[in-house]
Amino acid sequence: MQPRSAIIGAGRTPFGEHYEKEPEALVEESGLRALDSAGIERRDLDACYLADYFLPFTNKIGLEEGFFSELLELHVPMEITRCFSSALFSASNAIQSGRYQLVLVGGIEKMTDRWDKIRDDLMLLEDPWSYYAGCTPEANHELMLRAYIKKYGIQDEDLEKLQTALAYIAVKNHKHAIKNEYAQYQREITVGQVLKARTRARKPLGMYDFAPVSDGAAALILASPEAAKTYTDMPIYILGSASATDYITFSSREDRTSFIASTLATENALKMANIKLSDIQIAELYDQSTMLEMVSLEDLGFCKRGTAWMNIYDSCKDYKGYYLVNGRKLYVNLNGGLKADGNPLGATGGAQVFEIAKQLSGDAGERQVHIEDGLQYGCSLELEGFGTKAYVYIFGRD
Amino acid sequence: MSSEPIERRVSYIGDRLRGTRCGVCGKEYFRKKDYCGNCGRRSFGMMQDLDFFFEKGELEVCTFVNEPTNKFTKFGSFIYGIVSFHNGKVRVPGRLTDSIIKENEEIDLSKFEGRPLVPRFRRRHAVEKSEVIPTISLAFTFADEYYPHQKYSITKPNKEYEKPGIVGYGVYTSRFRYKEPTIERAVPFLDEDAITAAVEAGKMALIQSGIDYSLVNKVYVGSESNPYAVKPIASKVAQVLKLGEEDKTEGIQYVDAIDTEFACKAATSVFKDAASLVYYPENHDAYAIVIGTDNSQAAPRGEPGGELDFFVGFGGCCFIFGMQDVIAELEGWHSCTSDTPDFWRRDLEPYPSHGGRFTGDPAYFKHVAKAASKLMEKLRLQPSDVDYFVSHQPNLNFPTRVAAQLGFKEEQFLPSLQVAKFGNCYSGASPIGLAAVLDQAKPDDRILLTSYGSGAGSDAYSFITTSQLPEKRNRQKFTIQYQGENPHIEYVDYTTYRKLKTGL
């Protein structure tokens, strides 16, 4: 294990609708919490890597870097990317190269400020060709599910089981979110509700299968492993990081039942971290829909292709807080996932890393996972678009 | 095209469903590619053009969209999916069109998946009135329903005629109908208009005639319901049907395209122009296309001009003129005109007005009778020399009365009367009558066509069918009878009819 960079502080805002808060307030709230938890001042920062997809649309903020500079009263280098994981990618690469010692990684989104147009924005972002043929942000998930059912010949009782397994995912994530004070939906839902929403919509996936649109911000303080020791006794290390890319048009991809980008990123991240997939104990997956959490379990390699639904079904019938995969416990989306924690695009990955960092440092409060041999490794998967980009991180602790 | 925003590239590639195949490994793409990802540099210069416009696809997977994105909200709900061509070598996203999904209708996606689909040329989505209307062929319907899949194969002509004439024709009307006590009328689906009907009619005529589209050097489109006050329908037809020689690098067609307008005779007026053009000695190998198309407008019932709402139809009709492999030679013509304001639409007004009791006489009857009798006189014809009489058909009464007045018997004019099936298709009305006659005429039959356009004028034409008619006619499945008596016709109520007619 060779640490590449270390998380020494993390902060986030609650996710949800924040119509009363300007973007500045969200950025400040998460940034200050991160700085506080790291015990540093903002003037200690060497650079900022920030993420947002839609601020220029939702809040008419053009040159985001200047906006952040004014807000933080800082003149250090700043770069904007789309997803949080991509900002983290640049930040950790920069630290690894020895260029910076202390860096802030932040992400924000205020999607509800554009509630009437955000679905069009999302669709144009993730698959413009399909948009012009009538595609919606939900439709690609449903087509993937239809293709999955067809490819693996799932029918009758099995099909019912698969549909229930997907409902279980939503139910499980809501259950996790109850203990997450930052989550958008801190309440339980039932399998019946999930299924009923599908029936009402007359679609393979219903309202409860999808993550909401949200507002929120998240921030991390990243340090070189050497610098980290001076600020904390419990740095959380980035051991592996990788990303991969796929075609923007879903229909033109070779396989429409998985995301090749997720698989490639996982393989490379594991190689870099020099650990096995089976070493991973907790995972934050990108459950933009229940379908994606299921498919990600296969894409990352936790489950064999075409079988994740069986693992999910068996694990959730009488849910004990984890999936049982190949006889091992795998804790997935402990913060409630995108489904219940919320999905403010630019900040979503921040909440994923926040959760892993809190869990690994034993600081997750009520949500804390206890593992007999000790909690050592976690991973996160964040996607941009509909599997167009995948970022996988492997985190570990001393 | 590469520097265009995707929105416009969708139009260029998507209107025609263009693709590319690697000449080295055979990999196919839905878009223009200069090289193949598999073969890299080896494939430069080896990429072949593909085109899925006349092909049949398969609905691979689909889902139901009940909350469309903003531009698609007017569709309400629809089936959306992935359409594969060439056994899955190419996949494109697609919306199923021509379907009204009822609120309580159960949706079983597996009943749709795996079925054959045909690309349809439609409006892409709703836009503001001031914007360009986006179109696309990423709209599909099931090939086993109303609109069949038909191959288009170019047939080398083998006979040149002395006189120019019709070498092929095609008719397009929609699957939706509204029933009046005495007639039925075709109703466009939400994404249809005069432009889409023109393209579909042209597509049908290409399929039937088997002519080489690159030899068409003139296309006329007559309409009085062009959604644009300024912008031709003909240019869209030329580009989508790839008429004339194509300059691929520049994205232009070497063809002259022009719209004409003269109420319901906008198309028939230029039959003689098209015929004369191909008769020009240097132009004998070429073809000229005339399309009459209308989403016939009428104010809602009870409003001024609402009387027309009982008769208006929707459809397009295309005739290809040439000197080769003619199916009906043009024997002669005669036209007449007077400034009679019996029907008009002022600029910026959505619906036409008409002159009440004057629309029959002196408008319709005088002009139709004069043009027809003058032509018969010129050609020294008696009514008994004519096998079929076709006249403009705004309703059932007018054409019947004028036929009797000219001395024609029922068996001479009834075969052309299609207004009871499709309504008054304005510029397409008498052309559809002519097509209906061609669908059943024998070789060497004489057909007298007399159009009428308010404002006012009539064009009379005499055609004599040739021995090539029956063979060419057999190439067309989508005949008038097929469209008139199709089991997949869907009848709509008055509110739906008005909504569909207004469109996106």
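Since we're looking at a predicted model, the values are computed, not measured. (Residues numbered from 1 in each chain as written. Chains lettered and ligands numbered in written order. Predicted model: local features only at pLDDT ≥ 70, side-chain atom pairs only at ≥ 80, totals over all residues.)

As for the pairing of strand β1 (residues 5-12) of chain A
All names here are of chain A. Of all the 8 residues making up β1, 8 are buried; the element is thus mostly covered by neighbouring parts of the structure. Of the strand pairs in this sheet, β1 and strand β6 (residues 236-245) are connected by 3 bridges, and their pairing is antiparallel. In the strand pairing of β6, Ile-7 is matched with Ile-236. Judged from the 6 bridges that link them, β1 and strand β5 (residues 215-223) form a sheet pairing that is antiparallel. The partner of Arg-12 across the bridge, within β5, is Ala-218. (Buried ≥ 20, exposed ≤ 12 C-beta atoms within 10 Å, placed from the backbone. Helix = DSSP H or I, 4+ residues; strand = E, 2+ residues; numbered from the N terminus. Pairing = 2+ DSSP bridges.)

Description of the interface of chain A and chain B
Contacts between chain A and chain B engage 25 residues on the former and 29 residues on the latter. Those elements that provide at least two residues to the side of chain A that touches chain B are α5 (118-126), α6 (128-131) and α7 (139-151) of chain A. For the side of chain A that touches chain B, the leading source of residues is α7 of chain A, giving 6 residues. Its residues placed into classes, the side of chain A that touches chain B shows 12 nonpolar, 5 polar and 8 charged. (Contact = placed C-beta atoms within 7 Å. Nonpolar A, V, L, I, M, F, W, Y, C, P; charged D, E, K, R; others polar.)

As for the sheet that holds strand β17 (residues 314-324) of chain B
Residue and element names in this part refer to chain B. The strand order β15-β12-β16-β17-β9-β18-β23-β22-β21 describes an open sheet built from 9 strands, whose pairing is mixed. At either end of the open sheet lies a strand with only one pairing partner, and these are β15 (256-260) and β21 (388-391). On average, each strand axis in the sheet is tilted by 25 degrees relative to the strand beside it, whichever way the strands run. When strand β18 (residues 328-337) meets strand β23 (residues 457-465), the two strands line up antiparallel, connected through 9 bridges. Across the sheet, Gly-332 pairs through a bridge with Ser-462, a residue of β23. Helix α2 (residues 194-209) rests against β9 (160-172), β12 (216-222), β16 (287-295) and β17 of the sheet, and its axis sits at about 130 degrees to β9. (Axes fitted to C-alpha atoms, helices over the stretch in contact; angles between N-to-C directions.)

Some details on unusual backbone geometry
Excluding glycine, a negative phi dihedral is what most residues carry, and trans is how most peptide bonds are arranged. All names here are of chain B. Backbone torsion omega between Asp-361 and Pro-362 reads 10 degrees, so that peptide bond is classified as cis. Looking at the element boundaries, Pro-362 is found in helix α5 (residues 359-378). For the bond from Gly-455 to Ala-456, the omega torsion is 0 degrees, close enough to zero to count as cis. The topology assignment puts Ala-456 in the loop between β22 (446-450) and β23. Located in the positive-phi region is Asp-325, a residue other than glycine, with phi close to 45 degrees. Considering the arrangement of structural elements, one finds Asp-325 in the loop between β17 and β18.

Re the sheet that holds strand β2 (residues 28-29) of chain B
Residue and element names in this part refer to chain B. Read from one edge to the other, the open sheet built from 3 strands follows the order β2-β1-β3, with strand pairing classed as antiparallel. Each having just a single partner strand, β2 and β3 (47-51) make up the two edges of the open sheet. Inspection of the sheet shows strand β1 (residues 18-22) paired to β2 by 2 bridges, in the antiparallel sense. Across the sheet, Arg-21 pairs through a bridge with Glu-28, a residue of β2.

What to know about the domain arrangement of chain B
All names here are of chain B. Each domain of chain B was delimited in the assignment, giving domain 1 (6-17 + 52-142) and domain 2 (162-493). A C-alpha centroid distance of 29 Å is found between domain 1 and domain 2. The interface is formed by 13 residues belonging to domain 1 together with 15 residues belonging to domain 2. Of all the secondary structure elements, the ones that give two or more residues to the side of domain 1 that touches domain 2 are β7 (116-123) and β8 (135-142). In terms of residue count, the dominant contributor to the side of domain 1 that touches domain 2 is β7 (3 residues). (Domains from an automatic or database assignment.)

Some words on the nonpolar core
Core analysis: the largest hydrophobic core is formed by 276 residues, its most contacted members being Val-103 of chain A together with Val-237 of chain B. With residues up to four places along the chain from it excluded, the contact list for Val-103 of chain A reads Leu-45, Asp-46, Ala-47, Cys-48, Tyr-49, Ala-91, Ala-94, Ile-95 and Leu-222 of chain A. (Core = buried A, V, L, I, M, F, W, Y, C linked by C-beta atoms within 7 Å.)

Side note on the environment of Leu-50 of chain B
All names here are of chain B. Structurally, Leu-50 can be placed in strand β3. On a C-alpha basis, the gap between Leu-50 and His-367 in space is 49 Å, while along the polypeptide they are 317 residues apart. Apart from residues no more than four positions distant in its own chain, Leu-50 is found in contact with Arg-18, Gly-19, Thr-20, Arg-21 and Glu-28.

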